[in-house]
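Topology and contacts: notes
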Amino acid sequence: MLASTLSFGVMTIAIRFASHSLHTFEIAFFRNLFGLLAVLPLLLGARRADLRTRQLPKYFVRCLIGICSMLAGFWAIGHLPLAQAISLTYSTPIFVTIAAVVFLHEQVRARRWLAVAAGFVGVLVIVRPGSAEFSVDSLAALLAAVLGGVISIQIKQLSRVDSANTIVLYTYAFWVPMSLIPALFVWQWPQGVDWVWIVAAGVFGTGGQVLWTHALKLGEVSALTPISFMQLPLVAAAGWLWFGESLDRWTVIGAAIILGSNAYIAHREAVLARRRASAAATAGAVPGE
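Residues numbered from 1 in each chain as written. Predicted model: local features only at pLDDT ≥ 70, side-chain atom pairs only at ≥ 80, totals over all residues. Heavy atoms only, no water.

Cut-off, in case you're wondering: UniProt positions are given in the numbering used here, feature names are shortened, and annotations may be inferred rather than shown by experiment.
Per an unreviewed UniProt entry, the recorded name for the protein is DMT family transporter, and the organism is Lysobacter firmicutimachus. Listed in UniProt under the heading Subcellular location (unreviewed entry), the comment for the protein reads: "Membrane".

1. Points about the overall build of the protein
Defined as follows: Secondary structure elements follow DSSP: runs of H or I of four or more residues count as helices, runs of E of two or more count as strands, with numbering from the N terminus. Any residue under 20% of the maximum accessible area for its type is buried, any over 50% is exposed, and the rest in between are partly exposed; the area is computed with a 1.4 Å probe on protein chains only. Whether two residues touch is decided by their heavy atoms; if any such pair falls within 4.5 Å, the residues are in contact. Surface accessibility follows the Shrake-Rupley procedure with a 1.4 Å probe radius. Residue values consider only the protein chains on display as shielding.
Looking only at helices and strands, the protein features 12 helices and 0 strands. Reading the helices (α) and strands (β) of the protein from amino to carboxyl end gives α-α-α-α-α-α-α-α-α-α-α-α. Sorting the 289 residues of the protein into buried and exposed places 47% on the buried side. Taking all contacts inside the protein whose residues are at least 6 apart in sequence as the whole, residues at least 24 apart take part in 91%. Carbon and sulfur atoms make up 69% of the accessible area of the protein, which totals about 14600 Å².

2. Examining the packing of helix α3 (residues 56-79) against helix α8 (residues 164-184)
Selection criterion: Between N-to-C directions, angles cover 0 to 180 degrees, with each direction set by a line fitted to C-alpha atoms, over the stretch in contact for helices. Angular relationships are summarised with four words: roughly parallel below 35 degrees, roughly antiparallel beyond 145, roughly perpendicular across 65 to 115, and oblique for the angles in between. In a left-handed crossing the near helix is turned counterclockwise from the far helix by less than a right angle, and in a right-handed crossing that turn is clockwise. Ten residue types, Ala, Val, Leu, Ile, Met, Phe, Trp, Tyr, Cys and Pro, are classed as nonpolar, four, Asp, Glu, Lys and Arg, as charged, and the remainder, Gly among them, as polar.
Axis separation between α3 and α8 bottoms out at 9 Å; the angle between their running directions is 55°. By the angle between their directions, the pair α3 and α8 is classed as oblique. Of the two elements, α3 crosses α8, and the hand of that crossing is right-handed. In contact with Leu-56, Tyr-59, Phe-60, Arg-62, Cys-63, Leu-64, Gly-66, Ile-67, Met-70 and Leu-71 of α3, α8 contributes Thr-166, Ile-167, Tyr-170, Thr-171, Phe-174, Trp-175, Met-178, Ser-179 and Pro-182. Its residues assigned to classes, the contact of α3 with α8 shows 14 nonpolar, 4 polar and 1 charged.

3. Section: the packing of aromatic side chains
The criterion, for reference: Stacked, tilted and edge-to-face are the three classes assigned to paired rings of Phe, Tyr and Trp, where Trp is represented by its six-membered ring and a pair needs centres within 6.5 Å; plane angles under 30 degrees give stacked, over 60 edge-to-face, the rest tilted. Throughout this description, the term charge over a ring refers to an Arg CZ or Lys NZ atom that lies within 6 Å of the ring centre and within 35 degrees of the ring normal.
If you walk through the whole model with that rule in mind, you get 15 aromatic pairs. Centroid distance Phe-60 to Phe-174: 6.0 Å. Interplanar angle 80°. Geometry classified as edge-to-face. Linking Phe-60 in helix α3 with Phe-174 in helix α8, this pair joins segments that are 114 residues apart in sequence. With a relative accessible area of 40%, Phe-60 lands in the partly exposed category. For Arg-16, the ring lying beneath its charged end belongs to Phe-243, and the centroid distance is 5.2 Å.

4. Brief notes about the environment of Ala-3
Structurally, Ala-3 can be placed in helix α1 (residues 2-18). Along the chain, Ala-3 and Ala-215 lie 212 residues apart, while their C-alpha atoms are 9.5 Å from each other.

5. Some thoughts on a nonpolar patch on the surface
Selection criterion: Exposure above 30% relative accessible area and no salt bridge define the residues that can form patches, which grow by joining like charges within 9 Å and nonpolar side chains of Val, Leu, Ile, Met, Phe, Trp and Tyr within 5 Å. By salt bridge we mean one thing: a side-chain nitrogen of Lys or Arg within 4 Å of a carboxyl oxygen of Asp or Glu.
On the surface, a nonpolar cluster with roughly 330 Å² of combined accessible area is contributed by Leu-2, Leu-6, Ile-227 and Met-230. Secondary-structure assignment places Ile-227 in helix α10 (residues 221-228). The class of Ile-227 is partly exposed, set by a relative accessible area of 30%.

6. Regarding the nonpolar core
Heads up, the condition is: What is meant by a nonpolar core is a set of buried Ala, Val, Leu, Ile, Met, Phe, Trp, Tyr and Cys residues, joined one to another through side-chain atoms within 4.5 Å.
Ranked by size, the top nonpolar core spans 49 residues in total, and within it Ile-15, Tyr-90 and Leu-232 carry the most contacts. Beyond its immediate chain neighbours, meaning those up to four positions away, Tyr-90 contacts Ser-228, Phe-229, Gln-231, Leu-232, Ile-258, Leu-259 and Asn-262. In this structure, Ala-99, Ala-100, Leu-104 and Ile-153 belong to the second largest nonpolar core, which totals 5 residues.

7. Details of the side chain of Thr-53
Selection criterion: Polar contacts here mean pairs of N or O atoms no more than 3.5 Å apart (in protein, one a potential hydrogen donor and the other a potential acceptor; neighbouring residues in sequence count only if both atoms are side-chain atoms).
With respect to the helices and strands, Thr-53 occurs in the loop between α2 (24-44) and α3. When its relative accessible area of 19% is taken as the criterion, Thr-53 is described as buried. A distance of 2.7 Å separates the side chain of Thr-53 from the side chain of Asp-162, its partner in a polar contact. Every residue in contact with Thr-53, bar those within four places of it in the chain, is listed here: Tyr-59, Asp-162, Thr-166 and Tyr-170.

8. Remarks on helix α4 (residues 82-89)
Burial analysis of α4 places 7 of its 8 residues in the buried class, the great majority of the element. For α4, every residue scored as buried is listed here: Leu-82, Ala-83, Gln-84, Ala-85, Ile-86, Ser-87 and Leu-88.

9. So, the environment of Thr-251
Tracing the sequence through the fold places Thr-251 in helix α12 (residues 249-284). Each C-alpha atom, one on Thr-251 and one on Arg-128, is 9.9 Å from the other, the two residues being 123 residues apart in sequence. In this view, Thr-251 contacts Ala-83, Gln-84, Ser-87 and Ile-126; residues no more than four positions away in its chain are not counted.

10. Things to note about the packing of helix α5 (residues 92-104) against helix α7 (residues 136-158)
Put simply, α5 and α7 touch, their axes get as near as 8 Å, and they point 50° apart. Between α5 and α7, the angle falls in the class oblique. Judged by the twist between their axes, the crossing of α5 over α7 is right-handed. Here Thr-92, Phe-95, Val-96, Ala-99, Ala-100, Phe-103 and Leu-104 of α5 come into contact with α7, specifically with Leu-142, Ala-145, Val-146, Gly-148, Gly-149, Val-150, Ser-152, Ile-153, Lys-156 and Gln-157. Looking at the contact of α5 with α7 residue by residue, the classes come out as 11 nonpolar, 5 polar and 1 charged.

11. Thoughts on α1
Counted only if it meets this: Expected span, for any helix, means 1.5 Å times one less than how many residues it has.
Compared with an ideal rise of 1.5 Å per residue, which puts 17 residues at 24 Å, α1 spans 24 Å between its outermost C-alpha atoms and is within 8% of the ideal. Inspection of α1 places Ser-4, Thr-5, Ser-7, Gly-9, Met-11, Thr-12, Ile-13, Ala-14, Ile-15, Arg-16 and Ala-18 among the buried residues, and these make up the whole buried set.

Structure follows, in structure tokens:
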């Protein structure tokens, strides 16, 4: 999880460097293109049966929402202070909880709703609607987080039928042409060091996804989630060192509230998952066997 967090941090920094000369829509396309090339060796080693699906329409919808989330998130990274952009993306688990109620009809009790409410307070502290610091760029970061919550639920639904390799393959197969369309309207060929940044964004972004998936297979979400918060000090330090950004106190306060909310939500989900597993094991036990 730490390696995944650092990979996503490097991807974020690469996107910011590339955005100095390229539009973020074009950066998103190259991130997907080089990401697909980076993941191909893994897919080539997969079984052919694992790469078949009967859910193509669902993949189309999932990837369309995913591209909108990616474009909004990349826009925020290119136009907001890095610490603020990343802090707002950490609100995704809040919207995952809401989406789980809407789409999966999951039961969420009072304590998790209080954590969700606290997360919203953290978002408001960072965005500060009505203040001079409020901007459309902040709304773009928030939109990315909202759509990210919907995507998490869609992946959960797809994974009930398809393997992780299948999901990765069709995600990138749709993402590359989908992200090319908006990129064509702002197209200009990368020059010189731009290639370094867009290749890095693709490779480290894909590497972060792969490592994140393996981390969740090996450990509990409640234990791993705090590690993912290490991305925030990394990008904040990069923003100060390379982009002359200062760390706003409201961003620090809001981020602390959001991260606390996320940690509690992850803890409660882990507790409930253990209870369900224990109940299933008890119900499945047959005396005398």
